[in-house]
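# Reading the structure
Here is what each chain is made of, one letter per residue.
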Amino acid sequence: MALDRPTPNDLRAFWMPFTANRQFKSSPRMFVSAKDMHYTTAEGRQVLDGTAGLWCCNAGHCRPRITEAVAKQVGELDYAPAFQMGHPVAFELANRLVDLAPDGIDHAFFTNSGSESVETALKIAIAYHRARGDGARTRLIGRERGYHGVNFGGISVGGIVNNRKMFGTLLGGVDHMPHTHLPDNQWSRGQPEHGAHLADELERIIALHGAETIAACIVEPVAGSTGVLIPPKGYLERLREICTKHGILLIFDEVITGFGRLGAPFAAQYFDVLPDMMATAKGLTNGVIPMGAVLTTGAVHDAFMQGPEHLIELFHGYTYSGSPIASAAGLATLETYAEEDLFARCAGIAPYWEEALHSLRDARHVIDIRNMGLIGAVELEPIAGEPTKRAFNAFLKAYEKGILIRTTGDIIAMSPPLIIDRAQVDQLVGTLREVLDSLD
Ligand code: PXG
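Residues numbered from 1 in each chain as written. Predicted model: local features only at pLDDT ≥ 70, side-chain atom pairs only at ≥ 80, totals over all residues.

### Let's talk about helix H12 (residues 342-358)
Here H12 spans 23 Å end to end across 17 residues, near enough to the 24 Å set by a 1.5 Å rise per residue. By the largest-angle criterion, Ile 349 marks the main kink of H12, which is about 40 degrees, and a proline, Pro 351, follows within four residues. Leu 342, Phe 343, Cys 346, Ile 349, Ala 350, Trp 353 and Leu 357 are the residues of H12 that are buried. (Helix = DSSP H or I, 4+ residues; strand = E, 2+ residues; numbered from the N terminus. Expected span 1.5 Å × (residues − 1). Bend = angle between axes of the 7 residues up to and from the residue. Buried ≥ 20, exposed ≤ 12 C-beta atoms within 10 Å, placed from the backbone.)

### Some words on unusual backbone geometry
When glycine is set aside, most residues are seen to have a negative phi, and most peptide bonds are trans. In this structure, Gln 84 is a non-glycine residue whose phi angle is positive, near 60 degrees. Mapped onto the fold, Gln 84 is located in the loop between helix H3 (64-76) and helix H4 (88-100).

### Details of the sheet that holds strand E11 (residues 366-372)
The strand order E11-E12-E15-E14 describes an open sheet built from 4 strands, whose pairing is antiparallel. Of all strands in the sheet, those bounded by a partner on one side alone are E11 and strand E14 (406-408). Ignoring strand direction, the axes of neighbouring strands in this sheet form an average angle of 20 degrees. Here H12 sits on the sheet in contact with E11 and strand E12 (375-380), set at roughly 180 degrees to E11. (Pairing = 2+ DSSP bridges. Axes fitted to C-alpha atoms, helices over the stretch in contact; angles between N-to-C directions. Contact = placed C-beta atoms within 7 Å.)

### Describing the site of the ligand
Around the ligand, 18 residues are found, and the nearest of them are Gly 114, Ser 115, Gly 149, Ser 225 and Val 255. Elements with a contribution of two residues or more to the shell around the ligand: helix H2 (52-55), helix H5 (114-131) and E14. Looking at the shell around the ligand, the element that brings in the most residues is H5, giving 3 residues. For the shell around the ligand, the residue count by class is 7 nonpolar, 8 polar and 3 charged. Shared between two domains, the shell around the ligand holds at least three residues of each, these being domain 1 (21-59 + 341-438) and domain 2 (67-339). (Near = placed C-beta within 6 Å. Nonpolar A, V, L, I, M, F, W, Y, C, P; charged D, E, K, R; others polar. Domains from an automatic or database assignment.)

### Some words on the domain arrangement of the protein
Annotation of the protein at the domain level lists domain 1 (21-59 + 341-438) and domain 2 (67-339). Contacts between domain 1 and domain 2 engage 31 residues on the former and 27 residues on the latter. Only H2, H12, E11, E12 and strand E15 (411-414) provide two or more residues apiece to the side of domain 1 that touches domain 2. Here the element with the most residues in the side of domain 1 that touches domain 2 is H12; it accounts for 7 residues. Of the residues contributing to the side of domain 1 that touches domain 2, the split by class is 17 nonpolar, 9 polar and 5 charged.

### Quick word on the sheet that holds strand E10 (residues 292-297)
Strand order in the open sheet formed by 7 strands is E4-E10-E9-E8-E7-E5-E6, with mixed pairing between adjacent strands. In the strand order of this sheet, the two ends are held by strand E4 (105-111) and strand E6 (174-177), each with one partner. The average angle at which neighbouring strand axes cross in this sheet is 20 degrees, direction not considered. With 6 bridges joining them, E4 and E10 adopt antiparallel strand pairing. Of the residues in E10, the one forming a bridge with His 107 is Thr 296. Relative to E4, H4 is tilted by about 135 degrees, and along the sheet it contacts E4 and E10. Here H5 sits on the sheet in contact with E4, strand E5 (139-143), strand E7 (214-219), strand E8 (249-253), strand E9 (277-280) and E10, set at roughly 30 degrees to E10.

### A short note on the pairing of E12
Of all 6 residues in E12, 6 are buried; the element is thus mostly enclosed. Of the two faces of E12, the one holding Ile 375, Ala 377 and Glu 379 and the one holding Gly 376, Val 378 and Leu 380 are both buried throughout. Relative to E12, E11 runs antiparallel, the two being bridged by 6 bridges. Its bridge partner lying in E12, Val 366 is registered against Leu 380. Here E11 folds back onto E12, and the loop between the two strands holds 2 residues, one of which, Gly 373, carries a positive phi near 50 degrees. Sheet analysis places E12 next to E15, joined by 4 bridges and oriented antiparallel. Bridge assignment links Val 378 to a residue of E15, and that residue is Ile 412.

### Some words on the packing of H12 against helix H14 (residues 422-438)
Where H12 contacts H14, the two axes come as close as 10 Å, and the packing angle between them is 20 degrees. One way to sum up the angle between H12 and H14 is to call them roughly parallel. The two elements H12 and H14 meet at a crossing, and its hand is right-handed. Residues Tyr 352, Trp 353, Ala 356 and Leu 357 of H12 pack against Arg 422, Val 425, Asp 426 and Val 429 of H14. Of the residues belonging to the contact of H12 with H14, the class tally is 6 nonpolar, no polar and 2 charged. (Parallel < 35°, antiparallel > 145°, perpendicular 65-115°, else oblique. Left-handed = near helix turned anticlockwise from the far one by under 90°.)

As structure tokens, then:
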């Protein structure tokens, strides 16, 4: 009997991530190549990338230096064991990363994704306190509307109900601060005025559980996936003060804000607030090869460096931590950012981006607009009784009209590669206006 095997073009087998599978497979949208600011579809159409892939291709697509570095590395040293053995490229990349990071950040622990960076940072936080004889500090504090990837720790500290309601009991000992998205801040450009006081909710949680039970507090400096929520003025500074006062580690999830998205290497520098750890990924390799890194202060790292020298200090790591090919991609990516001064370029075009986005204030269905660096969100009035549908329709129409945007709920989020020029900003925003005007 013939097996019912799918043909090569059959779409059944691939269970697509975070995708409306049935909708996609009934009318697929396929990219077959990419260059700089554009994707090419299977039909040969050019689509302007308004989202840097999934917030990761900060230098644009198929950049020669990165492509060549990966090709060279794969032919030279394809893989080397990551445990008890090393290879030079990973050490070089770690050095370059701590040079790029704020003063005080001295070490890099490699992972393969943002989700793994988050898990790694949470585990390091708990183990750090234990290593210092403070083993009761196991509680983790996240925030409503936080996104920290999809693994169990990340969805536990994350504040997105849909990401956890299907998955049963998660990490215990987790609490959440309120999100910072206040109606008073509608139409804010850059950092909103109201809401620094929301950081004091951490004091309330500390009073409830006792500081001696809390290991870490994790936040995205700018929340990306839940619709671009910009921290109110003074909020991150206040969080830092409270964490320092109570001996709690502050973790910035910089998976989106890292590598120039705000016009500085990291949000930590943009806001001038130093966390104890930073979770990174995405732009680290320009999205080319999966890789993440947790960056830590010397104090966090040094707490582990005790006891007999032949013993492993941290029981954690991945087969591909700092793999040669990912490391080569990372190095070439950092070189590309530096060579083209892309973080400064982002800062330079950010005011133009802000003006262009906010020009959509009078477009149909728009109820709020938010921006920072090369991140922007346009929030739509939901269709009554059918949340997310209007934004999803906007995404489909935008794709037909040649621009790639992302939607989350009824919010359109954009994060173009940092090489975008003014004419491309105009095209993105102009097309989006046409799309919004044509929507029910
Ligand atoms: N932390 C943050 C802040 C993120 O934005 C992750 C962790 C997880 O990274 P990985 O590499 O495990 O996916 C993310 C990922 C979107 C979108 O359109 C955002 C992400 C991923 C895919 C889509 O909002 N962020």
